[in-house]
Amino acid sequence: MERYCGLDVHKDSVFMCIIDGFGFKKEHKFSTLTSDLLLLRDTLVASEVRYVAMESTSIYWIFIWRLLVDSFDVKLVNPLFIKQLPGRKTDIKDAHWIATVLMKGLVCGSYVPSQAIQSLRQYERYYSRLNKKIVDCEQFIDMQLQRCNIRFSNYISDIGSQAMRKVLKSIIAGNTTSVELLACAHTRTKNKHGVAVIQESLNGVFEQVDVDMLKLLVEELEMHERQQEECLMKMVGICNESYADPISLLVTIPGIRQQSAMTILAELGNDLSAFKTSSSLVGWAGLRPRNEESAGRIKSRKTMHGNKFLRVILVQCAWAASRMKSSRLGVKFQELKKRM
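This section reports on the structure supplied with the text. (Residues numbered from 1 in each chain as written. Predicted model: local features only at pLDDT ≥ 70, side-chain atom pairs only at ≥ 80, totals over all residues. Heavy atoms only, no water.)

## What to know about the pattern of salt bridges
For clarity, the cut-off: Just to be clear on terms, a salt bridge is a Lys or Arg side-chain nitrogen sitting within 4 Å of an Asp or Glu carboxyl oxygen. We count a stretch as a helix when DSSP gives it H or I for four or more residues in a row; a strand needs E for two or more, and each element gets its number in order from the N terminus. The buried label applies to any residue whose accessible area, calculated with a 1.4 Å probe on protein chains only, is under 20% of its type's maximum; exposed applies above 50%, and partly exposed to all values in between.
Under the definition given, this model contains six salt bridges. A salt bridge links R3 to D20, with the shortest nitrogen-to-oxygen separation between them at 3.6 Å. In this pair, R3 is assigned in strand β1 (residues 3-9) and D20 in strand β2 (residues 13-20), connecting sequence segments 17 residues apart. D20 sits in the buried class, given a relative accessible area of 9%. Several salt bridges share partner residues, and in doing so they unite R121, R125 and E267 into one network.

## Section: the packing of aromatic side chains
Where we set the bar: Centres within 6.5 Å make a pair out of two Phe, Tyr or Trp rings, where for Trp the six-membered ring is used; the pair is then stacked when the planes are under 30 degrees apart, edge-to-face when over 60, and tilted otherwise. Geometrically, a charge over a ring is one whose NZ (Lys) or CZ (Arg) sits within 6 Å of the ring centre while staying within 35 degrees of the ring normal.
Within the structure shown, the criterion is met by five aromatic pairs. Ring geometry for Y111 against W284: centres 5.6 Å apart, planes inclined by 80°, an arrangement best described as edge-to-face. In this pair, Y111 is assigned in the loop between α3 (91-103) and α4 (115-147) and W284 in helix α12 (residues 278-284), connecting sequence segments 173 residues apart. Each member of the aromatic cluster is reached from another via a ring pair, and the members are Y111, F275 and W284. Stacked on the ring of F24, the Lys or Arg R3 has its end atom at 3.9 Å from the ring centre.

## Considerations on unusual backbone geometry
Trans peptide bonds make up most of the peptide bonds, and negative phi angles are found at most residues other than glycine. Notably, E48 is not glycine yet its phi reads approximately 60°, a positive angle. Summarising the element assignment, E48 is placed in the loop between α1 (34-46) and β4 (49-55). We classify E48 as exposed; its relative accessible area is 63%.

See the structure below:
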């Protein structure tokens, strides 16, 4: 008789329940220290467990997955799909319930890519987080300049442009007069708005604290950009070594270039057997409208949350493809927009 184990994983504890079809049940609580997790694995081996399912939030499941995946048939289950009725809920009962639904074959495991793809995914997601930090940093720089009444950002399209960088470095170097800062502005900007207007937008009053804050913010911005370059180099190295063919195929799709191809590969992996149909893949990405209907009345058609990193890059690629002259996606979008 096969034995099944349910694990309810938390930040500082793991609740284990082992059952089989004859009523055998074994329960225990482990800490998340490495020695205790090794004891958990030994307990499962000694109990002749073959199938394991775990419910977890955040990233607390990752090390346990690495520890068990080579010795057991492990499934990571979505808590949404095995939620119990409230009222008599405890952690050990959760573990028992997870083991029960696993034994009955009522759950399927979440998609967990290979270790190489997980490594690529870490670099890619950190790169995405750095993008947000860079935007925040640029906004803080603009706010600091506004405190000094420097309105140069009103006349340029991008706060992070080269002209703005030159202005910042000039201020940090001690050149704070409008005449000195005017030399940093691009000729096209001066021709568009007028030299007098641009010079007046660079006429501000600086205290030493303003210069110091701008220096710190520029250093932080450059650090984030340097880390982005490092992440990008690591991603390119992994893809060139192991995934050159999938990348070369992805970049043939309109709207997709190397960096977006690496992001898609990091989120999806190169083995799509976990997705039975294209519709299930679209739903996993959070791009498929859900069905919520009762008594013939449609309550909602909102998309589910899905994989936000994959959803963002696919939407960006779709917009890029719609703007290509060789693509009909833009025309198709306008046709669908009229009906929807």
